[in-house]
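Working through the structure, step by step
Here is what each chain is made of, one letter per residue.
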Amino acid sequence: MAQLSTRSKLEILADAAKYDASCASSGTTRRDSRSGKGIGSTEGMGICHAYAPDGRCISLLKILLTNSCIFDCHYCINRRSSDVRRARFTAQEVVDLTLSFYRRNYIEGLFLSSGIIRSSDYTMEQMVEVARSLREDHHFRGYIHLKTIPDADPALIHQAGLHADRLSINVELPTESGLKRLAPEKNGLRIEGAMSRLRSDMEDGQDARRKYKSAPRFAPAGQSTQMIVGADAADDRAIIARASSLYDRHKLRRVYYSAFSPIPSPSAVLPLKRPPLLREHRLYQSDWMIRFYGYDAQEIAAATDAATGCLPLDIDPKLAWALNHRATFPVDVNRAPREALLRVPGLGVKAVDRILSSRRHRRLRLDDVARLTTSIRKLRPFLIAADWRPLALIDSADLRARVAPPAQQLDLFA
């Protein structure tokens, strides 16, 4: 490999990391260096180059240790047979970059992934060394997320968890058949085995912390994973079922979805066209329904199209479910339990909590509910208020047209 400057390496390896979506820094332990000890700090919410709920822009240095790889996964731009420019950082270079970027107030943490070089163990050793040096040699208190390698020695992954806030292992594709076809060198059982060990280590760490305050923290922000959408034939039902299973069995903090993007010099087995980005958005909405609204995978599958097995693109999955279960509605905003209110299209978790709080003092009218949501038009057929009863509106044949968002003219030159 030709000698490259640090700047050139950064250009290559930062660009190569853009396909990894699982870089959120939410859920970690708060640390700071205001006492005068150490360097850096970590905030409670935020993702790489995006806005936190309070409006702050959170930035992580998101890079690969190297984009060289001994594997030849068809969907990966960094696969062994891909004709791309290669680069590699040393562990010390990543440490120096992280500290330099932090001192310039560019970042609040590090997201580090890598291609596989030499072996899984060797690559994992290099990544652990980055985290260890930042924490122990430089007392870095910022956020660290390491993308771990499932085939690596479990002792190395355990060491990673002692230094990093969050660990992630990508399941890559939603079905085992898709993984065998597009990433034959990877094994679904080994991936889930590594995820299971991570869960066990995190639970052991939490038990130790309850007994001994001095016990080391182990991946306090938990673990996450990522699935590629549209590279294989898996429909949304299969993707949702897999995500729900991962949440149940491994207690993941997040499952991320990444719409397949055609890459230079693509493999012949890949689709020629990327799936619509809106499909990725609908999957995130369904994921939110599982995590915060009490739906299970079977219920969301009932909102998919019977022919394609995919969620509709013109309406959100919560509205699609409601239209397919009209007998459940309308619900009385002044009497319904929280679980029923959460299923009303257009009502979010915060709005429902405010409704429950307000109705203890007086009966709510439709105008009261309108102040808690952005679109009362979507809500009207699905709820009863003190001054509103939809009567036969819920059974209207054109209900979907009434509540679906209006069509938008696309910009030819966008």
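Residues numbered from 1 in each chain as written. Predicted model: local features only at pLDDT ≥ 70, side-chain atom pairs only at ≥ 80, totals over all residues. Heavy atoms only, no water.

What counts, and what does not: UniProt positions are given in the numbering used here, feature names are shortened, and annotations may be inferred rather than shown by experiment.
As recorded in an unreviewed UniProt entry, the protein chain goes by Biotin synthase and comes from Sphingobium cupriresistens LL01. Turning to the protein chain, the UniProt annotation filed under Cofactor (unreviewed entry) states: "[4Fe-4S] cluster".

**Observations concerning the packing of aromatic side chains**
For clarity, the threshold we go by: Ring pairs are drawn from Phe, Tyr and Trp, using the six-membered ring of Trp, whenever the two centres fall within 6.5 Å, and their geometry is named by plane angle: stacked under 30 degrees, edge-to-face over 60, tilted for the rest. Strands are runs of DSSP state E lasting at least 2 residues, helices are runs of H or I lasting at least 4, and numbering of each runs from the N terminus. Note on exposure labels: buried denotes an accessible area under 20% of the residue type's maximum, exposed denotes more than 50%, and partly exposed covers the range between, all computed with a 1.4 Å probe on protein chains only.
Evaluated as defined, the whole model comprises seven aromatic pairs. On the basis of an interplanar angle of 85 degrees and a centroid distance of 6.1 Å, the ring pair of Tyr 102 and Phe 140 is categorised as edge-to-face. In this pair, Tyr 102 is assigned in helix H2 (residues 91-103) and Phe 140 in the loop between helix H3 (120-137) and strand E5 (143-147), connecting sequence segments 38 residues apart. Judged by centre distance (4.5 Å) and plane angle (45 degrees), the ring pair of Trp 288 and Phe 292 falls under tilted. In this pair, Trp 288 and Phe 292 both sit in helix H8 (residues 277-292), four residues apart, roughly one turn of the helix. Relative accessible area serves as the criterion here: at 36%, Phe 292 is assigned to the partly exposed category.

**Regarding the nonpolar core**
Rule in force here: Buried Ala, Val, Leu, Ile, Met, Phe, Trp, Tyr and Cys residues that are joined via side-chain atoms within 4.5 Å together make up what is termed a nonpolar core. A domain assignment, automatic or from a database, supplies the domain bounds used here. The criterion used for residue contact is that any of the two residues' heavy atoms lie within 4.5 Å.
In this structure, Tyr 75, Leu 112, Leu 167, Tyr 257 and Phe 382 are the most contacted members of the largest nonpolar core, which totals 110 residues. A per-element tally of this core places H3 first, with six residues. Counting only domains with at least three residues in this core, you end up with domain 1 (6-24 + 42-275) and domain 2 (325-403). The contact partners of Tyr 257, leaving out residues within four places of it in the chain, are Met 227, Val 229, Ile 239, Ala 243, Glu 280, Leu 283, Tyr 284 and Asp 287.

**As for the sheet that holds strand E4 (residues 109-113)**
As a reminder of what qualifies: Paired strands, in this sense, are two strands between which DSSP finds at least two bridges. Each axis is a line fitted through C-alpha atoms, and for a helix only the stretch in contact is used; angles between axes span 0 to 180 degrees, taken between their N-to-C directions.
Across the sheet, which stays open at both edges, the six strands sit in the order E3-E4-E5-E6-E7-E8 with parallel pairing between neighbours. Taken across any chain shown, the strands that pair with only one partner, and hence form the sheet edges, are strand E3 (60-64) and strand E8 (254-259). On average, each strand axis in the sheet is tilted by 20 degrees relative to the strand beside it, whichever way the strands run. Across two bridges, the pairing between strand E6 (residues 166-168) and strand E7 (residues 223-229) is parallel. Within the sheet, the bridge partner assigned to Leu 167 lies in E7 and is Gln 223.

**Re the pattern of salt bridges**
Note on pairing: side chains with opposite charge can pair once their charged atoms come close. Quick note on the threshold: The salt bridge criterion pairs a side-chain nitrogen of Lys or Arg with a carboxyl oxygen of Asp or Glu, the two atoms within 4 Å.
Summed over the entire model, instances satisfying the criterion amount to 23 salt bridges. In this structure, Asp 287 and Arg 291 form a salt bridge, with 3.6 Å as the shortest nitrogen-oxygen distance. Here the residue Asp 287 and the residue Arg 291 both occupy positions in helix H8, the gap between them amounting to four residues, near one helical turn. Residue class for Asp 287 comes out buried when judged on its relative accessible area of 1%. Notably, a salt bridge pairs Arg 402 with Asp 398, separated by 3.1 Å at the nearest N-O pair. Each of Glu 129, Arg 132, Glu 136 and Asp 137 takes part in a single network of salt bridges with overlapping partners.

**Brief notes about the layout of surface pockets**
In plain terms, the rule: Any residue with an atom within 4 Å of a point lines the site, the site being either a cavity, points on a 1 Å grid over the protein atoms alone where a 1.4 Å probe fits but cannot get out, or a pocket, an open set with protein on both sides within 12 Å along at least 5 of 7 lines. Grid points are joined across faces, edges and corners, and a volume is the space filled by probe spheres set on the points.
By volume, the largest pocket is sized at about 890 Å³. The wall of the largest pocket is formed by 45 residues, among which Asp 20, Tyr 75, Cys 76, Asn 170 and Glu 172 lie closest to the centre. Taken together, the elements giving at least two residues each to the lining of the largest pocket come down to E3, helix H6 (188-211), E7, E8 and H8.

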